[in-house]
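Spelled out from the first residue to the last, the chains are:
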Amino acid sequence: MPATDDYLRSPKLMHRVFCASALLLLFTTAWMMYADNNDEWRTYQRQAFKYQGERIRSREAAEKAAPEHKQNVAELEAKIKAAEAELAKRHDEVKSLTLAAKSASDKSANHLRDLKVQRARRDVARANYNLAIRDNLQGDALKRRTDEYEVVEAAVSKMESDNAENKLKLDDAKASLSAVTGERDKAQKGLKGEQTKIVLLHAALNKIDPDTLLSKTKRNLMLLPVIDGFNSPERITQDWLPRLEFPLGGMGVVSRFDRCRTCHSMIDSVDDTVKASVAGAFPHGLSKDGKQTADGKFPHPFASHPRLDVYLGATSPHPLPKFGCTVCHEGQGAGTSFQNASHTPNDPAQMHEWADEHKWFDNHFWERPMNPKRFEESSCIKCHVNVTELAVNPKFGPTAPKVARGHRLVETYGCFGCHEIQGFEATKIIGPDLRLEPNTPEEAVAIAADPNQVAGKMRKVGPSLRHLALKVDAGFVASWTEEPKRFRPTTRMPQFFKLDNQSDVHGQKFNPVEIAAITHYLLAKSTEFQQNAANDDQLAYKPLARLLPDSIPSAERGKEFFATKGCVNCHTHDAVKGLDMTFGPELSNVHEKLKAGDFGFDWLYTWVREPSRYHPRTRMPAQPLEVEKVDGVETDPAADIAAFLLKLKPEEKPADYRPMPATPFEVPAVDDAVLDELVSHFLGKVLTKSQIEGFIKGSDDKNKGEYPVLADRIKGDEIELLATGQAELDDTEWKNRKLTYLGRKTITRYGCYGCHDIPNFEQARPIGTALQDWGKKDRSRLAFEHIHEYLHHHGEPNLGVKVESLTGNAASVTGVRVTKAGDSNKSGLKTGDVIVSLDKTPVLDIEQYEAALARTVVGSHVAVGVIRDGHEQTFTLTADASLLDRVEVGIGRAKRDEFKTEASRVREDSAAFYVESLLHHGRPGFLWQKLRQPRSYDFKMIETKPYDDRLRMPKFPFSEEDIDDIATFVLGLVAEPPAAEYLYNPSGSAGARIRGEKLIEQFNCSGCHMLELPKIRYAADLGGITATDTSIEYPEAVALLKKLRPMRDGTTGEMKSVKVGDSMKSLPIVQFHGLVAGEPEVDLPLDEQEYVVELWETLRVAGKELFPTYKFIFPATSLDKIEAARGGKYAEWLVERLVNNKKAKEKSLAWQMSPPPLYKEGTKVQTPWLFNFLKNPGKLRHTTVLRMPRFNLSDEEAQALANYFAAVDGTPFPYQLIEEREPAYLNEVGDDFDKAYPDKKGQYLHDSWQMLNGDLCIKCHSVGGRQVVISDPAKDIRGPNLDLSAERLKPDWLQLWLFNPKWVTPYTSMPSPLPKQKAGETPRYPQLFGADGLKQTVSLRDALVNYHKQLEREGKTAEAPKPAAATAGGGQ
Amino acid sequence: MRSQMTRLVQKNAGAVACAFVTLTLVVGCSAPLSSGANSQTTVKYRAASKDAVAAATDTSVAAATGDVAVSEGGVGTLKGRVEFVGDFAPLPPLFVKGGAAKDPSVCGAEAIPNESILVKDGGLANVFIYLDKIPKGAVVPPAGDPVLFDQKVCIFTPHAMVMRVKQAVKVLNADGAAHNTHTYPKKNSAFNSVVQPNDRGGVDLVYGQAEKEPFQVGCDIHSWMTAYHLPLDHPFAAVSAADGTFEIKDLPAGKHEFKVWHEAGKMVEKALVVEIKPGDNNEVSIKVPASKLGK
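Residues numbered from 1 in each chain as written. Chains lettered and ligands numbered in written order. Predicted model: local features only at pLDDT ≥ 70, side-chain atom pairs only at ≥ 80, totals over all residues. Heavy atoms only, no water.

Draft legend 1. Spatial organisation of the overall build of chain B. Within chain B, the secondary structure is distributed over 4 helices and 21 strands. Evaluated residue by residue, chain B yields a buried proportion of 52% over its 295 residues. Sequence separation of at least 24 residues holds for 67% of the intrachain contacts in chain B that already meet a minimum separation of 6. For chain B, the accessible area works out to roughly 12800 Å², and carbon and sulfur atoms hold 56% of it. (Helix = DSSP H or I, 4+ residues; strand = E, 2+ residues; numbered from the N terminus. Buried < 20%, exposed > 50% of the residue type's maximum accessible area, 1.4 Å probe, protein only. Contact = heavy atoms within 4.5 Å. Areas by Shrake-Rupley, 256 points an atom, 1.4 Å probe, with all protein chains shown as cover.)

Draft legend 2. Spatial organisation of the packing of aromatic side chains. Residue and element names in this part refer to chain A. In the structure shown here, the tally under the stated rule is 62 aromatic pairs over all chains. Centre to centre, the rings of F1072 and F1112 are 4.0 Å apart; their planes meet at 20°, and the pair counts as stacked. Pair noted here: F1072 is in strand β21 (residues 1063-1078) and F1112 is in strand β25 (residues 1111-1115), with a separation of 40 residues, a long-range link. With respect to burial, F1072 and F1112 carry one shared label: buried. In this structure an aromatic cluster arises from ring pairing among Y1018, F1072, Y1091, Y1110, F1112 and F1114. Here R55 stacks its cationic end above the ring of F282, 5.4 Å away from the centre of that ring. (Phe/Tyr/Trp six-rings, centres within 6.5 Å; stacked < 30°, edge-to-face > 60°. Lys NZ or Arg CZ within 6 Å of the ring centre and 35° of its normal.)

Draft legend 3. Up close: the side chain of N1004 of chain A. Residues and elements named next belong to chain A. Locating N1004 in the fold gives a position in the loop between α30 (988-1003) and α31 (1005-1008). The class of N1004 is buried, set by a relative accessible area of 13%. Once residues lying within four places of it in the same chain are set aside, the contact partners of N1004 are N569, C570, F583 and L999.

Draft legend 4. Looking closely at the domain arrangement of chain B. Residues and elements named next belong to chain B. Taken domain by domain, chain B consists of domain 1 (71-90 + 117-140 + 234-295) and domain 2 (141-233). At the interface, 15 residues of domain 1 touch 14 residues of domain 2. Summed over both sides, the interface of domain 1 with domain 2 buries roughly 1400 Å², with 63% coming from carbon and sulfur. Contact with domain 2 buries area across many residues of domain 1, yet F128, V140 and H234 alone supply 35% of it, more than any other trio. Applying the counting rule to domain 1 against domain 2 returns 0 salt bridges. There are 4 residue pairs in polar contact (both at pLDDT 80 or more) connecting domain 1 and domain 2. For the side of domain 1 that touches domain 2, the leading source of residues is strand β5 (residues 128-131), giving 3 residues. Taken together, the residues that form the side of domain 1 that touches domain 2 break down as 11 nonpolar, 2 polar and 2 charged. (Domains from an automatic or database assignment. Buried area = accessible area lost by both parts, 1.4 Å probe. Salt bridge = Lys/Arg side-chain N within 4 Å of Asp/Glu carboxyl O. Polar contact = N/O pair within 3.5 Å; in protein donor to acceptor, adjacent residues only side chain to side chain. Nonpolar A, V, L, I, M, F, W, Y, C, P; charged D, E, K, R; others polar.)

Draft legend 5. Local environment of the interface of chain A and chain B. Each side of the interface is counted separately: chain A has 41 residues, and chain B has 33 residues. A combined buried area of about 2900 Å² lies between chain A and chain B, and 48% of that area is made up of carbon and sulfur atoms. Inspection of the chain A/chain B interface yields 5 salt bridges. Across the pair E1088 of chain A and K133 of chain B runs a salt bridge, and its minimum N-O distance is 3.0 Å. Counting across the chain A and chain B interface gives 16 residue pairs in polar contact (both at pLDDT 80 or more). For the side of chain A that touches chain B, the secondary structure elements donating two or more residues are β21, β22 (1090-1095), β25 and α34 (1147-1152) of chain A. The residue inventory of the side of chain A that touches chain B, partitioned by class, reads 16 nonpolar, 10 polar and 15 charged.

Draft legend 6. Just the state of the cysteines, in detail. Residues and elements named next belong to chain A. Within the structure shown, the criterion is met by 1 disulfide over all chains. Free of any disulfide, C328 has its nearest cysteine sulfur in C380, 6.3 Å distant. C328 gets classed as partly exposed once you look at its relative accessible area, which sits at 27%. (Disulfide = S-S within 2.5 Å.)

Draft legend 7. Inspection of the sheet that holds strand β18 (residues 254-262) of chain B at higher detail. All names here are of chain B. An order of β16-β5-β18-β19 is seen for the 4 strands of this open sheet, with the pairing classed as antiparallel. The open sheet terminates on both sides in strands that have one partner only, identified here as β16 (237-239) and β19 (266-276). Along the sheet, successive strands turn relative to each other by an average axial angle of 20°, direction set aside. Judged from the 3 bridges that link them, β5 and β16 form a sheet pairing that is antiparallel. Residue pairing in the sheet places Y130 in a bridge with A237 of β16. (Pairing = 2+ DSSP bridges. Axes fitted to C-alpha atoms, helices over the stretch in contact; angles between N-to-C directions.)

Draft legend 8. A look at the pattern of salt bridges. Residues and elements named next belong to chain A. Evaluation of the coordinates by the stated rule reveals 100 salt bridges over all chains. For R749, the salt bridge goes to E514, with nearest N and O atoms at 3.1 Å. Here R749, found in helix α22 (residues 731-750), pairs with E514, found in helix α16 (residues 505-525); they are 235 residues apart in sequence, far enough to count as distant. Residue R749 shares its accessibility class with E514, and that shared class is buried. Here R868 ties to D833 by a salt bridge, and the two come within 2.6 Å at their closest N and O atoms. Of this pair, R868 sits in strand β14 (residues 861-868) while D833 sits in the loop between α24 (824-827) and β12 (834-838), and the two are 35 residues apart along the sequence. Given the relative accessible area of 11%, R868 is considered buried. A network of salt bridges, in which partner residues are shared, links E796, R886, R907, E908, R932 and E960.

Draft legend 9. Examining the side chain of Q1089 of chain A more closely. Residue and element names in this part refer to chain A. In this fold, Q1089 is placed in the loop between β21 and β22. Overall, Q1089 belongs to the buried group, its relative accessible area being 11%. At a separation of 3.4 Å, a polar atom in the side chain of Q1089 contacts the main-chain carbonyl oxygen of V1082. With residues near it in sequence (within four places) discarded, Q1089 still touches P1080, E1081, V1082, L1084, P1115 and A1116.

Draft legend 10. Region of the structure containing empty space enclosed by the protein. Residue and element names in this part refer to chain A. Enumeration according to the criterion identifies 7 cavities of 30 Å³ or more in this entry. In this structure, the largest cavity spans a volume of roughly 810 Å³. Along the walls of the largest cavity sit 45 residues, with H1261, P1280, W1297, T1308 and M1310 positioned nearest its centre. Looking at the lining of the largest cavity, the elements that each hand over two or more residues are α34, α39 (1285-1288), α40 (1291-1299) and α42 (1333-1345). Its residues assigned to classes, the lining of the largest cavity shows 26 nonpolar, 11 polar and 8 charged. (1 Å grid on protein atoms, 1.4 Å probe; cavity = no way out; pocket = protein on both sides within 12 Å on 5 of 7 lines; lining within 4 Å. Points joined across faces, edges and corners; volume = space filled by probe spheres on them.)

Draft legend 11. Structural view of the environment of M1153 of chain A. Residue and element names in this part refer to chain A. Along the chain, M1153 turns up in the loop between α34 and α35 (1167-1175). The spacing of M1153 and W774 is 379 residues in sequence and 50 Å in space, taken between C-alpha atoms. M1153 has contacts with L1134, L1138, K1143, A1144, T1183, T1184, V1185 and L1186, leaving out every residue within four places of it along the chain.

Draft legend 12. Representation of the packing of helix α38 (residues 1244-1252) of chain A against α42 of chain A in the model. All names here are of chain A. Contact pair α38 / α42: the axes reach a minimum separation of 8 Å and the direction vectors enclose 95°. Here α38 is positioned roughly perpendicular relative to α42, judged by the angle of their axes. Here Y1244, L1245, S1248, W1249, M1251 and L1252 of α38 lie close against α42, whose contacting residues are Q1336, V1338, S1339, L1340, D1342, A1343 and L1344. Broken down by class, the residue content of the contact of α38 with α42 amounts to 9 nonpolar, 3 polar and 1 charged. (Parallel < 35°, antiparallel > 145°, perpendicular 65-115°, else oblique.)

Draft legend 13. Quick peek at the nonpolar core. Residue and element names in this part refer to chain A. L522, F562, L604, I747 and I758 are the most contacted members of the largest nonpolar core, which totals 71 residues. Mapped by element, the contributors of at least two residues to this core are α14 (474-482), α16, α17 (555-564), α18 (597-609), α19 (637-645), α22, α33 (1129-1140) and α34. Looking at this core, the element that brings in the most residues is α19, giving 7 residues. If we ignore the near neighbours within four places in the chain, the residues touching L604 are L594, A642, L645 and L646. (Core = buried A, V, L, I, M, F, W, Y, C linked by side-chain atoms within 4.5 Å.)

Draft legend 14. The arrangement of the environment of R952 of chain A in detail. As for its placement among the helices and strands, R952 of chain A is situated in the loop between α28 (923-932) and α29 (960-971). At 3.0 Å, the side chain of R952 of chain A and the backbone oxygen of R749 of chain A are in polar contact.

Draft legend 15. Quick look at the packing of helix α26 (residues 883-895) of chain A against helix α27 (residues 902-919) of chain A. Residues and elements named next belong to chain A. Relative orientation of the contacting elements α26 and α27 amounts to 125°, with a least axis distance of 9 Å. It follows that α26 is oblique to α27 by the angle criterion. Read as a crossing pair, α26 and α27 show a hand that is left-handed. Facing α26, whose interface residues are L883, L884, R886, V887, G890, I891 and A894, α27 presents R907, E908, D909, A911, A912 and V915. Among the residues making up the contact of α26 with α27, the classes are represented as 8 nonpolar, 1 polar and 4 charged. (Left-handed = near helix turned anticlockwise from the far one by under 90°.)

In structure tokens:
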């Protein structure tokens, strides 16, 4: 085909296509640039700029409008004006002076310019000379250079001197000018200073929101795409944290980049309008529309962090540049959009809100989603591996109480018995450590010797079962094992049986046999009663002999002892009400369970007196219970307490004790066939079918019961099936042998030894999943099984009916009425039925009904007491309803805002959150359901699983709140140790505090002892406060008091408006520590009621100094708050009781009979003494009704506690130098003494000893070998023996005590022995220290500190020394 | 001369001045150093006018401006007797002579009586009869001279006493052994001081706050020693004497509510209403049944 000039396509068309595609390309490019530039975060930054601008603008306006500022500006301007007017009058003078100054200045400047040139010339000459030296020039050449230099140098020198003169002249001229214009200049400078703040604010504002067109244009230009790459005001803010590495899930680690501040731009803004403030400049608050609210609160992400004192702030322990955000909050720090940052909603309501607003969805693929608010404390434990400091912190208070509570629950309930939480990788700390301590001394030694191991520290939480047969009978063991809460509803022991996955045929058949087998094993292996063990009575259990074997113990006295000997500090008992302590088990029905007769009684008696004899690792302390006289009768308190607990009637002897269970305890009957079936099943793992058959029934070559494997080849529990040798294989022996085996096997399976010490399980390992990295466990490795199906119809303890409280009804019945029966076939309840009891607990209203239901185990049978047609009937029902229904209802109620209490809203929100998580295979949901209904994951699984593969996790009595706390803790366990500098495991006093706090919690020290006194806040009329009168005190005493108890400022800076007379008045709030001495009398009119509170510290209020014992008396209406004491609940209770029972005449005397507050204990006692005292407390006080018990503390624990008290009060530990015992001190005071009393040379300590052994101290204290005389032990105040003071007390404290004991302990009976005397008063002890009371008081301290040395020198004192110079008493 | 005159006036003032206008200051009215049990200080009244109530609360103003003679209704004296109703066997002594274990040479010199209930001819001793608050219109003079509180043979004397706020109490010791005098007040700070043997100069004890009820005073060295103190910010109080009699002077006419308190029965009467007429009044008999004292 020939070529033509024709176009293949019409050019016109082509032009159009080209044009269109060019336009399309242009449009696309523009769109791309727009889309690329239209980041989500820009919206937030613009809004942030707006808020910041508004804040600066309002601050600028406020600064300008401030009356003080206005006045200052006006004054300064007036001054300037006046000064200028004045200057105008002296116009010529000013002008000539100005000219003179200017010309002097010009001259000086010109001259300086020339000088600089000359200096340079001189430097050239010098350099030339130096070069000449380098080039080794000699003779003339060198001389020439030297000359050249000297010529220029002479010129420079001349000019320098001229310059100096010029400067002087200039200064003179300036001075003469400013002498005239000074006023004006000063005022102008002042005005500038006054406006600095405004100028700075305005400059800051100009950056965000410029006010000139040029700046605006410039700023907008910088925001344009591409150009914005060059320092645009809108940009991504990035915190680089090289030491906080971010693990990439097994693919190594990278540095952490947090871009959170791109949107959360004001997160670290401190409110700098207030000096040294740590409050946020943009406090968080929400309004309905999500915009800034009227009261200056800001929505997320524009709010400042709520605790800038703890986080992000420059002075906080977690400064922003070092910590960033994601190390605590998790999430994708690099993400710059809401979704990419991986925010996590706190509840379904928030989830829906976010889905609508931010297109949020649950992204399975983010391995590290942000912690939802409920788990915000989880990450703390990555670095705070000791956890304790998150709950008790002297500086910041409880900063993460929830995770600390979760940790505590795990500790208390002993989860670590089955689920180890390894805090160490070899010896490197990787997280909180919760592991059992070595089970045997041998194991402990082996671990201590291994440099790569750190021993666990936790004790087993349950009692030892090693001597169980001495305590209880088989029936009780079986009954307790089956369902512990049946006997003791408050028990912490979880339930292993009667749960979801045991209600099938197999479970019903096997469980009773398993229970019988456990019972049999425990009792069969229980160590024998070693009546005649001679030397090893500490190792082998042997009951203690009663102190008064012939007397009949009295339950009535026992009740009193139970109250006053500290038992109620840990245990509750129906008969002694008032304290609701749950540290130890509830004891109201302990009389139902022990062995009958002397057996049970002696067990209890021994347990009360020396608990570690039965259980060496018990936390129950040994209270010293010696024979004491009550109303003239010699009594054995431990026997009386035992009689009380066993409810012995008067005149009943211990041998008469019979357990009286509410329902008889029984060991389930064992069906031989079922027993054989179970034994065969377990043997199936180790033996062949024919071997098993032969073993059970006998075969050709083996007899029945002859185990087919040799003893030395048996590794496991089968060892129990071997013949022991002696016993003939009769039916009983055969059955027992199988039961023992099955028992051991079952204990192995359920891991009972995780909490209890059980014979033969010393080497056993915990059975559960280790939890140290559970917080990052892969979701795909969690066995959710058929949980969704289960939750459709189960999981909620509910009878499936709707109820209402019966109130205001004339009917004699109290209970809840069924209003809608629902699925009546299932529950059997009808509308109109009245439920009066659940599980034998009376139900009076709907709250009690719900509480009782929540306690039931889902799926188990509940006895429901119902009144129908006027007759009471009992139904056995299953409290099991759909959890999903509950959640759906909850979400609906939340939407409609129907919840009556905040607590119930939070609970239902939580449930919804967890169920949502469960439905999306989240870790929190799994954990929640596991703790609520551990066996529910076996739903429809048991049908196809071998019996022994069934889930074994028991059901703990946790509330949903508990589970929430535990989840917070467990989800924080990620075993990702931070870089060493981030780990918080301090030594020194901070470390001592942490370890001490832990022990205080473990041993319940704070039950008896107040560690911090109540904190009282009230609105004070400052004028009505009078300073403590110090004129009656030695100045040295006052100085010492201030040294040991530094003054604290009592004013808080807060105000409270209170009614004074008929008007309201705003008064400053004063805060202090003290004990309430007088409560308001409620029968008085309100305006006459008042508080009387005794101060315990040294306080400064409005410039007035108040010392301990100062009494604050203020109207009840002025009270702001009384914050309860930390600890000492028991002491307070005992004081009340002693006063009410008239055992103490006065409250202050009752306090002396009770456990003392440990207030400033560190300034008081010597640490080594405290260590010894904690290990083995001796009798100190004679006034107390109980003594410090001996705790089962290791040396390390006792040291840690002793150090704790010193650390709290900032005193050195563990050792203290007692200077008053050193020659340096004694020589010095000795010299002074010799100078003052030359005729008594060298007798300083002798005279001090005379002072101490005079007629005063002996009135109440045994001293110097003499015993104090006591007329009535019940009433007389007897002080501690003084031989204890030297090793026990710190000299400074002792001195303060001797000056004024009430300053230290306001309630004490100890008087000031030698108070300051007024002129003209009769001198005291004139023959000693010249009757100088101050010297005498100091000498008492020195005599006490040197007590033992002096006692050896002087010998025992037979009677009060009577120096010849004076008569007895010396007061005349 | 002038000072002598003043003294003369003051000497007789006890009877005269209190009923009349006294332009001199109140010092003249105070009784000399007394043992305290029934110590009375003279009181003046302002005419019952509108500002009387306000003035009453401010003694300094009253003292400075001078007072009008008598309250409109006049003042009266309350006399009475506290009677123990029931059979009474004198309580056995706490210790017989020589029986005290502590400091026997001093405390054993005499028997230590049990003073918790003392009845003589049917009259109950050591009962506090007092007004809770200053009655309207009464202007209270400052507290008078110190009162004495002694310890003798390990017994406090007096056993029960009222004193005024800011009035010094001299705590003395007549024994050859030290005592520590320890008070247990509610609103005042506790006082606990060693009083040296045979200290006749005494230690000063001053209460800064009025109390609502009498409180105990003890000695921790000799635990049986007890006494009761009641500091008040007015003088309208008395302690019944050994025969149960008491007298309260200068009460403004009108109804008053007295509190009656005894150590064994504590608050025996919360509000004993007595109508006071000017001048002398009929004797009041306060009957305290034995049951109220735990007998």
